[in-house]
Amino acid sequence: MLHYPIAREELVAPYKERLEYYGLSSCSICSHLSSLRRLFVFMEDNDIAMYEPPVGRLYLNVIMADPTIARPAKQRARATITLLNNEMEGKEYCRAKTKDLSYHWEGTIGKEADKFLKYLEKYKLLSAHTVRSYGRAIETFAAYLKRRNIDLKDVTWDVIMSHISSLERNKDDVLTELKSFFRYLYENNIVEDSFAELFRSVHLPKEAKLPSVYTVDEVKQIENSISRLSAKGKRDFAMILCASRLGLRTSDISHLQYSNIDWHKNEIRLVQYKTKVELVLPLLADVGNAIRDYTLHGRPKVREQRIFISHSAPFLGMNPCSVSCALRDRIMNSGVDTKGRKKGAHSLRHSLATNMLQSDVTMPVISSILGHTTTESTKTYLAVDIKHLLECALDVPPVDKNFYIQKGGILYD
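Let us look at the structure shown here. (Residues numbered from 1 in each chain as written. Predicted model: local features only at pLDDT ≥ 70, side-chain atom pairs only at ≥ 80, totals over all residues. Heavy atoms only, no water.)

## Remarks on the sheet that holds strand β5 (residues 278-282)
Here's step 1: Strand order across the open sheet formed by 3 strands is β3-β4-β5, with antiparallel pairing between neighbours. Pairing within the sheet leaves two strands with one partner each, and these edge strands are β3 (261-262) and β5.
Here's step 2: Where β3 meets strand β4 (residues 267-271), 2 bridges bridge the pair, whose relative direction is antiparallel. Considered in β4, the bridge of I261 is made with I268. (Pairing = 2+ DSSP bridges. Helix = DSSP H or I, 4+ residues; strand = E, 2+ residues; numbered from the N terminus.)

## A short note on unusual backbone geometry
Here's step 1: We note that N149 has phi near 55 degrees; this positive angle belongs to a residue other than glycine.
Here's step 2: Within the secondary structure layout, N149 lies in the loop between α6 (128-147) and α7 (157-166).
Here's step 3: One non-glycine residue, N189, lies in positive phi territory at about 60 degrees.
Here's step 4: Tracing the sequence through the fold places N189 in the loop between α8 (171-187) and α9 (196-201).
Here's step 5: A relative accessible area of 68% places N189 in the exposed class. (Buried < 20%, exposed > 50% of the residue type's maximum accessible area, 1.4 Å probe, protein only.)

## A look at helix α4 (residues 71-88)
Here's step 1: Under the 1.5 Å per step criterion, the end-to-end length of α4 is 26 Å for 18 residues, consistent within 8% with the ideal 26 Å.
Here's step 2: Along α4, the positions that sit buried rather than exposed are A73, K74, A77, T80, I81, L83, L84, N85, N86, E87 and M88.
Here's step 3: Immediately downstream of α4, the backbone of G90 shows phi near 75 degrees, a positive value. (Expected span 1.5 Å × (residues − 1).)

## As for the packing of aromatic side chains
Here's step 1: Applying the stated criterion across every chain yields a total of 11 aromatic pairs.
Here's step 2: Ring centres of F42 and Y59 lie 5.3 Å apart, and the angle between their planes is 55 degrees; on these two criteria the pair is classed as tilted. Of this pair, F42 sits in helix α2 (residues 26-45) while Y59 sits in helix α3 (residues 53-65); the two residues are 17 residues apart in sequence, bridging distant segments of the chain. The residues F42 and Y59 share a single accessibility class, namely buried.
Here's step 3: Here R228 stacks its cationic end above the ring of F237, 3.9 Å away from the centre of that ring.
Here's step 4: Cation over ring: K276 sits above Y273, and NZ or CZ is 5.2 Å from the ring centre. (Phe/Tyr/Trp six-rings, centres within 6.5 Å; stacked < 30°, edge-to-face > 60°. Lys NZ or Arg CZ within 6 Å of the ring centre and 35° of its normal.)

## Some points on the pattern of salt bridges
Here's step 1: Taken as a whole and judged by the stated rule, the model has 11 salt bridges.
Here's step 2: Among the ionic pairs, D151 bridges to K153, the shortest N-O distance being 3.3 Å.
Here's step 3: On the basis of relative accessible area, D151 is assigned to the partly exposed category, the value being 24%.
Here's step 4: Exposure remark for K153: the relative accessible area of 62% places this residue in the exposed category.
Here's step 5: Between D286 and R245 there is a salt bridge whose closest N-O contact spans 2.8 Å. (Salt bridge = Lys/Arg side-chain N within 4 Å of Asp/Glu carboxyl O.)

Purely geometric numbers; function is a separate question.
Structure, rendered in structure tokens:
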């Protein structure tokens, strides 16, 4: 139990210890500590040196009344202050209830939807998160049919498009998920039409997003900013290289095992967590040396198959969120100007692809390194390949000077 009032600079260590005691995940702990730092900024701005529950409640009132702060940030702040005050006031900490992941099917669609989701998980090898996305999309569609007394076999293209139009967001994703569902229904003789041609003909506008990238020099600065004197430094340096030199996703970094490394062939061979597609990459000398250094001189001696583990008891393998949090902190503390750019591990993957493009590496090679099944996914990096985009620019055609001085023209004096 924490005792108040307590100086703000003395609050972090015992608070983190209590979070670990309650068994929160590394990602949740990282989120709570990030929210705690915002509390400290508030206390400093208001010359508050000691923390006690009324300070937290005052902070929440200010946060909740600020329209510029996003809802998720407000929710995190409330969770942090509630946990902190409960600990100080001797109240028992109650973990949030797990969301109900069951589906509430409406009408006759439920039986076939359950079969479809099991098919995606068993034969398409989709992750549980992706399968839930399909389930929620079909659940919403089933409710729409129920409200309009439409049976599954009576669905038409107009019904599907009317449902899509009624959605406020994620229309493109839902369209893709319903396309797969109706293809499954058609192949199993549940419906008479898969609407394949109609699905193919519809393209909803999608907001263009440019990937955040860092130059070669900036990536080197991020790598070199990590001190390898500590065990965590050795671990984070090795993880950074896996992202910046190999382009691995955080999910693949967190699940990387020693069995994935062939030291004799200098290869890393793994099945990607996201796509379930096998990926074979060369084990670069810098990456191999960093992993070896961490293993021999930094990694706790525990029987954990995954290479990268947390450095606090019970020393479990790191999850993707904890990897992302660790690398994000390293990028932010590297001295590189990150303003206007994302600071996660995925930005290093984007940077690798973009820098290879600028070095005239071909698209198929980049796709194979990133583990893309086609070059379509890789084409997004063309938008930030300024070097080659400039080569495509057309010269402005010459304009006769008489155009500018013609009588009656807008430039006529």
